[in-house]
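Coordinates in review
The residues making up each chain are set out below.
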Amino acid sequence: MAAPFYKGEGENNVEFKKLNPTDEVELGIYEKAMEFIFSDDDIQNIAISGAYGAGKSSILESYKKKLEKEGDNKKFLHISLAHFENKEKDNTKYAKLEGKILNQLLHQIRAEKIPLTNFKIKKSADSSEINKMTTGIISLLIIFLYFLFYKQWEIMVGEFRDISLKFTLTPWFKTIMIMAALGIVTYFVRYTIRIQVDKRVFKKLSFQGTEIELFNEENDSYFDKYLNEVIYLFENSGADVIVFEDMDRFNDVMIFERLREINQLINIGRREAGKTPLRFFYVLRDDIFTTKDRTKFFDYILPVVPIIDGSNSYSELKTILHEEIDKKIIDTKFLQDISLYIDDMRILKNICNEFFVYNAHINETELGGNKLFAMITYKNVFPKDFSDLQLGKG
């Protein structure tokens, strides 16, 4: 006989579970592995591998929290490709992927740290710089008008009979005005050259049909320019660790080879400067590599044993649903049977969250607690089938 349906009594006592990674994981052997990684400067590309929901991100977050407690100020930057759509072919998909990496990196670096980059995010203009440029332009305009209409100014000052303006007609005042004009022009020329060298704003000059290319670099292909930008941004990010999450959605191992190359180029410069290496962490599922080649992409692979699978999910369900079990809303034998189909911690937590909500809001139904929980489980494990079922399909 099905367990009685729970009609919402005591729903305020339910304990909802968040689905994002936690920083409360007992690290155990993972802590020793992390300490080994950071103790060897030759370990620069690290894979944290495991099945979906195994707890890879939680282990990383827990280790970061441990470092913070110990006063270790290592800076982590996270780049997530969770929404990347791999529909393009050949170089187009790589360009889009690299563009997304670059975009996320840009939004996590303070603009003043990367003044030489050609890529900028929108921000409020610097008011002091605007005031300085405005003052310079107006001053230059006044000096120009002074010399252009000097004769008229001389007559006007004579008619005013005001001795306080007589100094504007003296040779030393003219000298000051000329020097000021030269100073302002020099500032603007220097500013323009600096912008041109840094940003290459002007690509070509055209004079009587002849084009002259400015600051051209031989063999400066698009990928070379893009790669240089990426290296510059990573190097000046201020990070000790870059974490790439959901990279496995790209379903192409070539990206790891490209990122490894970037990491090596960055760390050559850091090694010469006596800096600690910039480490790349890749949070991946195990089956992204179908051959033995994965060991050539990474310097160390940290495998993560799933927190739960079909064999131990029952104990986790009992912990979360203990009140429903005590009230006989859900039968333990039923829960033990259905737990065999739940092998992901996030799905398990979401099933319980949805069950609490449905259970509290559905007051009249022929479903018992077991049947309702079974339907919620089906909804999470086979969402497409469940959606079809609601439309009379499936």
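Here the structure is shown first, and the text comes after it.
All of these numbers come straight from a predicted model, not from anything done at the bench.

What counts as what
- Positions within a chain are numbered from 1, following the residues in the order the chain's sequence is written.
- Thresholds applied to this predicted model are a pLDDT of at least 70 for local features of residues and 80 or more for the giving and counting of side-chain atom pairs; totals over whole chains, interfaces and linings are not thresholded and use all residues.
- To get the side-chain values, take all heavy atoms of the structure and skip hydrogens and water.
- Secondary structure counts use DSSP, requiring at least four H or I residues in a row for a helix and at least two E residues in a row for a strand, with both numbered from the N terminus.
- Only protein chains enter the accessibility calculation, which uses a 1.4 Å probe; a residue whose area is less than 20% of its type maximum is buried, one above 50% is exposed, and one in between is partly exposed.
- Residue contacts follow a heavy-atom distance rule, with two residues in contact if any of their heavy atoms lie within 4.5 Å.
- Only the protein chains shown count as cover for residues, with accessible areas throughout obtained via the Shrake-Rupley method and a probe of 1.4 Å.
- Pairing between strands is defined by DSSP: at least two bridges between them are needed.
- Note on geometry: axes are lines fitted to C-alpha atoms, helical ones only across the stretch in contact, with angles between N-to-C directions running from 0 to 180 degrees.
- The set of buried Ala, Val, Leu, Ile, Met, Phe, Trp, Tyr and Cys residues whose side-chain atoms join them within 4.5 Å is what this entry labels a nonpolar core.
- Each patch is built from residues lacking any salt bridge and having more than 30% relative accessible area; the joining distance is 9 Å for like charges and 5 Å for nonpolar side chains (Val, Leu, Ile, Met, Phe, Trp, Tyr).
- Any Lys or Arg side-chain nitrogen located within 4 Å of an Asp or Glu carboxyl oxygen qualifies as a salt bridge.
- What counts as a ring pair is set by centres within 6.5 Å for rings of Phe, Tyr and Trp (its six-membered ring), and what kind of pair is set by the plane angle: stacked under 30 degrees, edge-to-face over 60, tilted for all other angles.
- Any pair of nitrogen or oxygen atoms within 3.5 Å is treated as a polar contact; in protein, a donor-acceptor pairing is required on top of that, and neighbouring residues in sequence qualify only through side-chain atoms on both sides.
- By this rule, a helix spans an expected 1.5 Å times one less than how many residues it contains.
- What the arc covers is the set of directions going from the helix axis to the C-beta atoms.
- An angle counts as roughly parallel when it lies under 35 degrees, as roughly antiparallel when it exceeds 145, as roughly perpendicular when it falls between 65 and 115, and as oblique in every other case.
- Throughout, a crossing is termed right-handed when the near helix is turned clockwise from the far one, and left-handed when it is turned anticlockwise from it by less than a right angle.

This part is about the overall build of the protein chain. Helix and strand content of the protein chain: 15 helices and seven strands. For the protein chain, with 394 residues in total, the buried portion stands at 37%. Across the protein chain, contacts joining residues at least 24 apart in sequence account for 76% of those joining residues at least 6 apart. Accessible area of the protein chain: about 24300 Å², with a carbon and sulfur share of 56%.

Let us look at the sheet that holds strand S7 (residues 300-303). Pairing between sheet strands relies on hydrogen bonds along the backbone, with the strands arranged either parallel or antiparallel. Across the sheet, which stays open at both edges, the five strands sit in the order S2-S5-S6-S1-S7 with parallel pairing between neighbours. A strand with exactly one partner marks an edge of an open sheet, and here the two such strands are strand S2 (76-80) and S7. Averaged over all adjacent pairs, the angle separating strand axes in this sheet is 20°, with direction ignored. With five bridges connecting them, strand S5 (residues 241-245) and strand S6 (residues 279-284) associate as parallel partners. Within S6, the position partnered with Phe244 by the bridge is Tyr282. In the packing of helix H1 (residues 29-39) onto the sheet, the strands contacted are strand S1 (45-49), S2, S5, S6 and S7, and the crossing angle to S7 comes to about 170°.

What tends to happen in soluble globular proteins is that the nonpolar side chains get buried as a cluster. By size, the foremost hydrophobic cluster in this structure holds 35 residues, and its most contacted members are Phe234, Ile242, Phe244, Phe256, Leu259, Phe280 and Leu284. Elements supplying a minimum of two residues to this core: S2, helix H3 (90-106), helix H7 (222-235), S5, helix H8 (254-272) and S6. Among the nonpolar cores identified, the runner-up in size contains 22 residues, and Ile308, Tyr314, Ile330 and Ile376 belong to it.

Right, let's get into a nonpolar patch on the surface. On the surface, Leu141, Phe144, Leu145, Leu148 and Phe149 cluster together into a nonpolar patch covering about 490 Å² of accessible area. With respect to the helices and strands, the residue Leu141 is situated in helix H4 (residues 127-148).

Attention now goes to the side chain of Lys64. Assignment of secondary structure puts Lys64 in helix H2 (residues 56-69). Given the relative accessible area of 14%, Lys64 is considered buried. With residues near it in sequence (within four places) discarded, Lys64 still touches Phe76 and His78.

Before going further, it helps to examine the pairing of S6. In terms of burial, S6 is a largely internal element, six of the six residues being buried. Neither face of S6 is exposed, since Arg279, Phe281 and Val283 on one face and Phe280, Tyr282 and Leu284 on the opposite face are all buried. Where S1 lies against S6, five bridges are found, and the strand directions are parallel. If you follow Ile46 over to S6, its bridge partner there is Phe281.

All told, the structure shown has 20 aromatic pairs when counted by the stated rule. When the ring of Phe280 is compared with that of Tyr282, the centres are 6.4 Å apart and the planes differ by 80°; the resulting orientation is edge-to-face. With respect to burial, Phe280 and Tyr282 carry one shared label: buried.

What follows deals with the side chain of Ser57. With respect to the secondary-structure elements, Ser57 resides in helix H2. Reaching out from Ser57, the side chain makes a polar contact with the side chain of Glu245 at a distance of 3.3 Å. In this structure, Ser57 is in contact with Pro21, Glu245 and Val283, ignoring residues within four places of it in sequence.

In a regular helix each residue adds 1.5 Å, so 13 residues correspond to 18 Å; helix H14 (residues 369-381) covers 18 Å between its end C-alpha atoms and thus fits that length. Every buried residue of H14 is listed here: Gly369, Asn370, Leu372, Phe373, Ile376, Thr377 and Asn380. The arc that holds every buried residue of H14, seen down its axis, measures 165°, which confines them to one face. Those residues of H14 that are buried lie in contact with helix H10 (313-320), helix H12 (332-338), helix H13 (345-361) and helix H15 (383-390).

Once that is clear, we can look at the pattern of salt bridges. Taken as a whole, this structure holds eleven salt bridges when the rule is applied. For Glu31, the salt bridge identified is with Lys66, shortest N-O distance 3.5 Å. Placement of the pair is Glu31 in helix H1 and Lys66 in helix H2, with a sequence separation of 35 residues. Classification of Glu31 as partly exposed rests on a relative accessible area of 25%. Accessibility expressed as a relative area gives 16% for Lys66, which makes it buried. Ionic pairing is found between Lys66 and Glu70, a salt bridge with its closest N-O pair at 2.6 Å. By sharing partners, the salt bridges in this structure join Glu31, Glu35, Lys66 and Glu70 into a single network.

Mapped onto the fold, Leu102 is located in helix H3. Judged by its relative accessible area of 5%, Leu102 is buried. Between the C-alpha atoms of Leu102 and Val230, which are 128 residues apart in sequence, the distance is 6.7 Å.

Turning to its location among the elements, Phe234 is positioned in helix H7. Taking the C-alpha atoms as reference, Phe234 lies 9.4 Å from Leu106; in sequence the two are 128 residues apart. Filtering out sequence-adjacent residues up to four positions away, Phe234 remains in contact with Ile79, Ile101, Leu105, Ile242, Phe244, Ile262, Ile266, Leu278 and Phe280.

This brings us to the packing of H13 against H14. Interhelical geometry of H13 versus H14 gives an angle of 135° and a closest axis separation of 9 Å. Here H13 lies oblique to H14, going by the angle between them. The element H13 and its partner H14 pack so that their crossing is right-handed. Counted together, Ile347, Asn350, Ile351, Glu354, Phe355, Tyr358 and Asn359 of H13 and Gly369, Leu372, Phe373, Ile376, Thr377, Lys379 and Asn380 of H14 form the full contact between these two elements.

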